[in-house]
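Each chain, written out:
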Amino acid sequence: AKEIWDLSSLKGINQFILLDFPGLGAADSGVRDTYLSLRELKEVQTILLLQNCKQPGGNTADQIRTMIEQDKGEKLGDRIIVGLGRFNQLPLDAKDEQSIKDLIAASSLQELSEEMVLKSIPILQLAITSARNLTTEKQNIVLLSQLYGLAQLTKLSSLVQVGTPEFLPELDKANQQEEINKREQWGQLSEMLPTNSLLKKQLSDFVVDGGIGRLRPLLTQHVAEHGVKQLLEDTQTAARALRQELSLIHISEPTRPY
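Given the structure is predicted, the values throughout are model-derived calculations rather than measurements.

Right, let's get into the environment of Leu 19. Residue placement: Leu 19 occurs in the segment before α1 (31-40). Judged by its relative accessible area of 45%, Leu 19 falls in the partly exposed class. Sequence spacing of Leu 19 and Ile 47 is 28 residues, and the spatial spacing of their C-alpha atoms is 9.7 Å.

Bringing the packing of helix α7 (residues 177-192) against helix α8 (residues 198-209) into the picture now. Axes are the key here: two packed helices are described by the angle between their axes and the distance separating the axes. Between α7 and α8, the shortest axis-to-axis distance is 9 Å and the interhelical angle comes to 150°. Here α7 is positioned roughly antiparallel relative to α8, judged by the angle of their axes. When the axes of α7 and α8 are compared, the crossing they make is left-handed. The residues of α8 that touch α7, namely those facing Arg 183, Trp 186, Gly 187, Leu 189, Ser 190 and Glu 191, are Lys 200, Leu 203, Ser 204, Phe 206 and Val 207. Classifying every residue of the contact of α7 with α8 gives five nonpolar, three polar and three charged.

For the structure on display, the rule yields two aromatic pairs. Aromatic pair Phe 87 and Trp 186: ring centres 5.2 Å apart, planes at 40°, arrangement tilted. Placement of the pair is Phe 87 in the loop between β2 (80-85) and α3 (94-106) and Trp 186 in helix α7, with a sequence separation of 99 residues. For Phe 87, a relative accessible area of 1% gives the class buried. Between Phe 87 and Phe 206, the ring centres sit 5.0 Å apart and the planes meet at 80°, which makes this aromatic pair edge-to-face.

A separate point is the confidence of the model for the protein chain. Overall, the predicted model of the protein chain reaches an average pLDDT of 86, with 92% of residues at or above 70. The least confident element of the protein chain, judged by mean pLDDT, is α1 at 77; the most confident is strand β3 (residues 141-143) at 97.

An order of β1-β2-β3 is seen for the three strands of this open sheet, with the pairing classed as parallel. On the outer flanks of this sheet lie β1 (47-52) and β3, each paired with one strand and no other. Each strand axis lies, on average, 20° off the axis of its neighbour in the sheet, ignoring direction. Summarising the sheet, β2 and β3 pair through three bridges and their orientation is parallel. By the bridge assignment for β3, Val 82 is matched with Ile 141.

Glancing now at unusual backbone geometry. Here Arg 86, not a glycine, exhibits a phi torsion of approximately 55°, which is positive. Looking at the secondary structure, you find Arg 86 in the loop between β2 and α3. For Arg 86, a relative accessible area of 40% puts it in the partly exposed group.

Analysis parameters
Residues numbered from 1 in each chain as written. Predicted model: local features only at pLDDT ≥ 70, side-chain atom pairs only at ≥ 80, totals over all residues. Heavy atoms only, no water. Helix = DSSP H or I, 4+ residues; strand = E, 2+ residues; numbered from the N terminus. Buried < 20%, exposed > 50% of the residue type's maximum accessible area, 1.4 Å probe, protein only. Axes fitted to C-alpha atoms, helices over the stretch in contact; angles between N-to-C directions. Parallel < 35°, antiparallel > 145°, perpendicular 65-115°, else oblique. Left-handed = near helix turned anticlockwise from the far one by under 90°. Contact = heavy atoms within 4.5 Å. Nonpolar A, V, L, I, M, F, W, Y, C, P; charged D, E, K, R; others polar. Phe/Tyr/Trp six-rings, centres within 6.5 Å; stacked < 30°, edge-to-face > 60°. pLDDT = per-residue confidence, 0-100. Pairing = 2+ DSSP bridges.

Here is the structure:
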């Protein structure tokens, strides 16, 4: 809906088309889903891979990337955006929780660094490292809370319903005290990191609206950049094919009457 995300100004090679199809990595995915997914991805320049932070560090996303690369016959690291979905459900244990508190407290005595934070919170390091292995661009990683993002979207327009009546009560979970406390904790940690820290930006974006506000411009910018690149590559490929066909054509001179 335009009230939620207006894409009408994107024309021509900047045209933004969202393809959402079942399959790769889903629990009940089969041969049919894999076939359909790979076929649809033939002409796609921007691929959003979502990882489930409830179980970070799995190799499913890496297997998906490998499968797509083998099918397309090219490396795709620069075409992939990684969403660390359900980051709000990252399984922090008591030791992780205490480490976050200790880092926040220690920031008054020394400047924190990304390396220090990741080393102190192994489960966070596992999730971030797994995402970085999928893309060549670290800035193409977004921390997401889909539920909180939807809850924030409901505030944008009273004319658009972001879910079915049966689902809407689920949005209340995003504003339960436990969820609020987690966001505040990540927010405090982000404030302690240096200004040029990418992790600082990722955490703060997550706290604001579940990362959705960051994901939108990242997608449109990536599509625009790689859309132009893909147009050039497609044109060059078509030109080479045409030259090859023309080289095979034997043109003989017309017969002259005597």
